[in-house]
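Examining the three-dimensional arrangement
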Amino acid sequence: MIYDIAIDGKQFHLELARAERTWRCRLNGRTLEVDAVLARPDVLSILIGGKAYEVKREHTAVDTHLWVGPARYAAAIRDPRSWRGRRGALGEEAGPRKLMAPMPGKVVRALVAEGDTVEAGQGILVVEAMKMQNEIKSPKKGTVQRIAAVEGATVNPGDVLAIVE
């Protein structure tokens, strides 16, 4: 598998091949052996050179971020085999979409109310994690069907915070 990746604006070329129990990765020509397990949806547990990392993906219709520990990186991944980019405009997916907590934290502010109309990428809630406030954005244009987390609530990774339809 071959991917072209941009992390915080820096370009990378990644080639992945499955080895016996690991993945053989060539990142910009440098070879790495990586042990990776999908711990849960959008969370990857990775072991590189004896060091463990947990990588969480936060994906909306307008952007993607990767969390590696407390650090957040803007990411863009292009898979030449993917049809996703050819299926129409971003933010127009049919059906309800759930906004999930990317990491443990506390809901500090709701930016919209149930029933409000929102645009793709518009802030819905603010979650504080490790003294950093993170805006949880709408994955699509639509109506806020439900706000599942109240201000002051503690949330865990993967908890549903809101639903946009």
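Here, the structure is the one placed above.
Residues numbered from 1 in each chain as written. Predicted model: local features only at pLDDT ≥ 70, side-chain atom pairs only at ≥ 80, totals over all residues. Heavy atoms only, no water.

Brief notes about the overall build of the protein
On a plain count of helices and strands, the protein comes out with zero helices and 16 strands. For the protein, restricting intrachain contacts to residue pairs at least 6 apart in sequence, the fraction spanning at least 24 positions comes to 45%. By element, 53% of the accessible surface of the protein is carried by carbon and sulfur atoms, the whole surface being about 10,100 Å². (Helix = DSSP H or I, 4+ residues; strand = E, 2+ residues; numbered from the N terminus. Contact = heavy atoms within 4.5 Å. Areas by Shrake-Rupley, 256 points an atom, 1.4 Å probe, with all protein chains shown as cover.)

Observations concerning the layout of surface pockets
By volume, the second largest pocket is sized at about 420 Å³. Around the second largest pocket, the lining is made up of 20 residues, and of these D42, R57, H59, K98 and M100 lie nearest the centre. Mapped onto the lining of the second largest pocket, the elements with two or more residues apiece are β6 (51-59), β9 (97-100) and β13 (132-137). A per-class count over the lining of the second largest pocket returns nine nonpolar, three polar and eight charged. When residues of the lining of the second largest pocket are sorted by domain, at least three fall in each of domain 1 (2-78) and domain 2 (97-164). (1 Å grid on protein atoms, 1.4 Å probe; cavity = no way out; pocket = protein on both sides within 12 Å on 5 of 7 lines; lining within 4 Å. Points joined across faces, edges and corners; volume = space filled by probe spheres on them. Nonpolar A, V, L, I, M, F, W, Y, C, P; charged D, E, K, R; others polar. Domains from an automatic or database assignment.)

What to know about the pattern of salt bridges
Applying the stated criterion to the full structure yields four salt bridges. For E58, the salt bridge goes to R72, with nearest N and O atoms at 2.5 Å. Of this pair, E58 sits in strand β6 while R72 sits in strand β8 (residues 71-78); the two residues are 14 residues apart in sequence, bridging distant segments of the chain. A relative accessible area of 12% places E58 in the buried class. (Salt bridge = Lys/Arg side-chain N within 4 Å of Asp/Glu carboxyl O. Buried < 20%, exposed > 50% of the residue type's maximum accessible area, 1.4 Å probe, protein only.)

Comments concerning empty space enclosed by the protein
For the structure on display, the rule yields one cavity of 30 Å³ or more. Of the volumes computed, that of the largest cavity is approximately 30 Å³. Residue lining of the largest cavity: E58, T60, D63, H65, R72, E135, I136 and K137, and that is the complete set. Of all the elements, β13 adds the most residues to the lining of the largest cavity, at three residues. Of the residues that constitute the lining of the largest cavity, the class distribution is one nonpolar, two polar and five charged. Counting contributing residues per domain, the lining of the largest cavity is built from domain 1 (2-78) and domain 2 (97-164), each supplying no fewer than three.

Here's the deal with the sheet that holds strand β1 (residues 2-7)
With antiparallel pairing, the eight strands of this closed barrel are ordered in space as β1-β2-β3-β4-β5-β6-β7-β8. Taken over all neighbouring pairs, the strand axes of this sheet differ in orientation by 35° on average, direction set aside. Sheet topology note: the strand β2 (residues 10-18)/strand β3 (residues 23-27) ladder contains five bridges and is antiparallel. In the strand pairing of β3, A17 is matched with R24. (Pairing = 2+ DSSP bridges. Axes fitted to C-alpha atoms, helices over the stretch in contact; angles between N-to-C directions.)

Structural notes on the environment of S138
With respect to the helices and strands, S138 occurs in the loop between β13 and β14 (142-147). When the C-alpha atoms of S138 and H59 are compared, they prove to be 9.6 Å apart, with 79 residues separating the residues in sequence. In this structure, S138 is in contact with T60, L99, V118, E119, A120, G121, Q122, I124 and V164, ignoring residues within four places of it in sequence.

So, the nonpolar core
Membership of the largest hydrophobic core comes to 16 residues, with the highest contact counts inside it found for I124, I147, V155 and L161. Of all the elements in the fold, those that place two or more residues in this core are β12 (123-129), β14 and β16 (160-164). Discounting residues that sit within four places of it in the chain, I147 has contacts with V112, A113, E114, I124, L125, L161 and A162. Membership of the second largest hydrophobic core comes to ten residues, among which are L14, C25, L32 and V55. (Core = buried A, V, L, I, M, F, W, Y, C linked by side-chain atoms within 4.5 Å.)

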